[in-house]
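Residue strings, one per chain:
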Amino acid sequence: MTVRTITTSTLKTLKNSVIGNPAAKLALAQDTALIHLLVNCLKSPPTSYADSDTQRSHDDIRIESAHVIASISYGSEVALVSLIHANALHAFLFALSNMKPHDPVQLKSALARGLRVLSTAIAEVVGPSQLGLRTWSPDLRSEAKVALSYLFEFNCLNIFIPLLADPSSQTNIAIAQLIGTAVRSEAHRNAVIEWLPPTERSKEIKGRRGWEKKELVNSSSPARQGGWVARLLMSFLQKKDIKLQEAALCAISSLAMDNTVVANTLTRAWPDAVDTPLNIILNLTKSRSTDVQLTASLCAAHVLRANASHHPGSVDYSAALNVIHVVNRVLSSSSETPQNKIKTCYTLYHLVKDDKDLCREVYERGTLEKVVLLAKRITPLERTSEWEEDEPESTLALREATLTVIAAISLFDNNIRREVADDLHLVPTIQVSLSHKNIGIRHAACTCLRALSRAVSIIRTNIVDSKIGMELFAIFKKEDEDPRVTYAALNTICNLVNDFSPLRPKLLDQGLLPRLMQLLASDDVNMRVGALWAMRNTLRTSDPSTRQTVMTHLCWPRLIMLCNDSNPEIQEQAMGILRNLAEDEEGVDYVFESIDTETLANCITSGLESSNEDVTHHTACFLANIANGSREEQDFIFAHAHIIHAMHDCMTDAKSDTRCPLISCILSLVQSNIHRKHELTEAGITSTLRHICDWTAGVSVSMSPGGRHHRIHIDDDKEAAKLARSVLDLLEHSNIGDLP
């Protein structure tokens, strides 16, 4: 594509030629000279290419250049790379920073809109994506990260954030949309929240003493109201401009996402305000505009979940019902666009994700059924190449969205899982989606199957009978599969190899362990954790042959190294593997035959001293298994005093699920050899057991010094108290004088 002369007319023609035309976008993106020329025109068009030397023609060229760049920012990876290389982001910011009071409003609006579109395209590459999975080249992602970080530098924020207060509503809308779509990380979120205009910045500095936090200085501090940006965005909601309301809601939603401080602020009354910000947002879920309803619902969902993030079960359910009502209405409507239904599904996802009670709520209110029926309606069960080739992008995105939210709702409750699998018959839809060429659909199908496979009955019936489990295994084994799909499949495999699964022997026979070892060598920590988790579940209540097969692949030296890994999640899974290897006497013997006692003792001590509760729990359970071994294996514990002392220290403040196996271990040791009373007393364990028996709900009991912890917090630890009493009863009936 060659444009020899830059004029308003040629730029308009160029803009019209690339809109909705991927081939034209690609051709333009490959014309490096023209891309650089367009970018330079944002700052100052060369007079040799202009219609005339008048300022008006210059402004028109800059406006049309901004429109062309905005048009090619989306839909072409090549075009985005070209714009990043041409420093288009910097050019937009430079042009905005040099705007004069007499410059036309249209120019400022065009530049702000262009900055918004380009920033959004860059942010979508960096991720996380706001609407489903996307795939980008590693090189582009790397360059996009640098560009997005530049956008949120303080000096850049000083250029575009003040435009929220510009007299032009079009400019306000563009900048609010930029915040709503480009803020994807906690660091960028905080940068926007904490930004203040120079006048307020100086007041904040002068108005507080050095030791005070700025939000504590006075009740009208900007930080008390979510910051200057949040205050201005909330003021937009009071206006009658629907587009401005939608943009402001989008920005507030992005700032409140996973941000407890902002969310808490939005749920409290502000000075001189007639209602809380959250109630204003909830009122907009009843707007006449569907776009405003959906954006307000997403905003409310983020506020509600972030506000309750540190207090599980404390979500405001009456407020959540406003969101659920909008979701149900849109999903039930035959006239709503696929795009609106996609937004609705992801709004529902953000509302219920990882919250058992909210998942139950939407199940009981019929929302789950609506999503499942929608997924089935848009998914043909016959696999044909024509089907995959002819499907609109909107249908693909909607199928991905429905399966994603179904997985989230089904994650916790067996009744919900049975409803999905047995009553609503979704398994065939998941099955056909597993082999779809679209990565997002395959990923969502794997995630959905993972949720269903948490139910024993579904594994033994639906998953086995339909052969979907083996189809997923085939995806899992593909070395050229997208890593995100592989990881989702791996999470499902962790369920399919449990002791209650009929598929475990078949998966082992068909190459499970070699594939897990490949993934264990991955640079992705999550993939390594998942591979170890699958091995751990494979070993649960396993026979000696399975144990030996697993350890032939994993190897004992590697397992010991993993037990001492710096990553607590890796350490947790490794200790879980040791625990499951030693589930019976034969397993305990196998462990002692394979690891020298000094190495094993150090590994146990390290696990008990870990600050990670899951690591200490698995280590405690492993010790309890050893205590059920032979007399020599029990003596191993007493032969290493540091293990006994670590047990005592861990008992003093561990949670009940860790304290119980430790006391159970001691009980087994005492039952086997009552003459160990002296070692237990010297280590302080007997005294600790007496304190545990003095159980009183919610009381903090002082402990004797000597360990890492000097106080024990007993909270509903009745089972531990019962076990402790059993140990003390045995010790008190022994005769200390008879001890050697």
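In the block above lies the structure referred to throughout.
Residues numbered from 1 in each chain as written. Predicted model: local features only at pLDDT ≥ 70, side-chain atom pairs only at ≥ 80, totals over all residues. Heavy atoms only, no water.

### Regarding the pattern of salt bridges
A full pass over the atoms with the stated rule returns 13 salt bridges. The residue R399 makes a salt bridge to E391 at a minimum N-O spacing of 2.3 Å. For the residue pair R399 and E391, the accessibility class agrees, reading buried in each case. R484 is the salt-bridge partner of D482, the closest N and O atoms lying 3.0 Å from each other. Among the residues examined, D482 registers a relative accessible area of 13% and is labelled buried. You can call R484 partly exposed: its relative accessible area is 28%. A cluster of three or more residues bridged by salt bridges with shared partners is formed by R360, E364 and D413. (Salt bridge = Lys/Arg side-chain N within 4 Å of Asp/Glu carboxyl O. Buried < 20%, exposed > 50% of the residue type's maximum accessible area, 1.4 Å probe, protein only.)

### What to know about the side chain of H188
Positionally, H188 belongs in helix α11 (residues 186–194). Given the relative accessible area of 14%, H188 is considered buried. When neighbours within four sequence positions are excluded, H188 is seen to be in contact with L148, S149, F152 and V183. (Helix = DSSP H or I, 4+ residues; strand = E, 2+ residues; numbered from the N terminus. Contact = heavy atoms within 4.5 Å.)

### Here's the deal with the packing of aromatic side chains
Considering all chains together, one arrives at five aromatic pairs under this definition. Each ring, one from F152 and one from F160, has its centre 6.5 Å from the other, and the planes form 80°; the classification is edge-to-face. Exposure class is identical for F152 and F160. Each is buried. A ring pair is formed by F592 and F636, whose centres lie 5.1 Å apart and whose planes are at 85°; its orientation type is edge-to-face. Taken together, the positions of F592 in helix α36 (residues 585–594) and F636 in helix α39 (residues 631–639) put the pair 44 residues apart, joining distant regions of the chain. Classification of F636 as buried rests on a relative accessible area of 5%. A cation over a ring is seen here: R515 above F476, with NZ or CZ 5.8 Å from the ring centre. (Phe/Tyr/Trp six-rings, centres within 6.5 Å; stacked < 30°, edge-to-face > 60°. Lys NZ or Arg CZ within 6 Å of the ring centre and 35° of its normal.)

### Here we look at the packing of helix α6 (residues 88–97) against helix α7 (residues 105–126)
At a minimum axis separation of 10 Å, α6 and α7 run at an interaxial angle of 150°. Taken as axis vectors, α6 and α7 run roughly antiparallel relative to one another. Once α6 is placed against α7, the crossing between them reads as left-handed. Mapping the contact onto sequence places A88, L89, F92, L93, A95 and L96 in α6 and K108, L111, A112, G114, L115, L118, S119 and I122 in α7. (Axes fitted to C-alpha atoms, helices over the stretch in contact; angles between N-to-C directions. Parallel < 35°, antiparallel > 145°, perpendicular 65-115°, else oblique. Left-handed = near helix turned anticlockwise from the far one by under 90°.)

### Observations concerning a negative patch on the surface
Where like charges cluster on the molecular surface, the negative patch consists of E585, E586, D589 and E593. With respect to the secondary-structure elements, E586 resides in helix α36. With a relative accessible area of 48%, E586 lands in the partly exposed category. (Patch = residues over 30% accessible without salt bridge, like charges linked within 9 Å, V, L, I, M, F, W, Y side chains within 5 Å. Areas by Shrake-Rupley, 256 points an atom, 1.4 Å probe, with all protein chains shown as cover. Lys, Arg positive; Asp, Glu negative; His and termini not counted. Charge placed at Lys NZ, Arg CZ, Asp CG, Glu CD.)

### Some points on unusual backbone geometry
For the bond running from G127 to P128, omega is 0°, close enough to zero to count as cis. Mapped onto the elements, P128 comes out in the loop between α7 and α8 (138–151). Unlike most non-glycine residues, C555 shows phi in positive territory, near 75°. With respect to the element layout, C555 can be found in the loop between α33 (544–554) and α34 (556–563). On the accessibility criterion, C555 (32% relative accessible area) is partly exposed.

### Section: the packing of helix α1 (residues 8–18) against helix α2 (residues 22–29)
Helix packing geometry: the angle between the two helix axes and the distance between the axes. Close contact between α1 and α2 brings their axes to 7 Å; oriented N to C, the two are set at 130°. Accordingly, the angle class assigned to the pair α1 and α2 is oblique. Residues L14, S17 and V18 of α1 lie in contact with α2, whose contacting residues are A24, K25 and L28. For the contact of α1 with α2, the per-class residue count stands at four nonpolar, one polar and one charged. (Nonpolar A, V, L, I, M, F, W, Y, C, P; charged D, E, K, R; others polar.)

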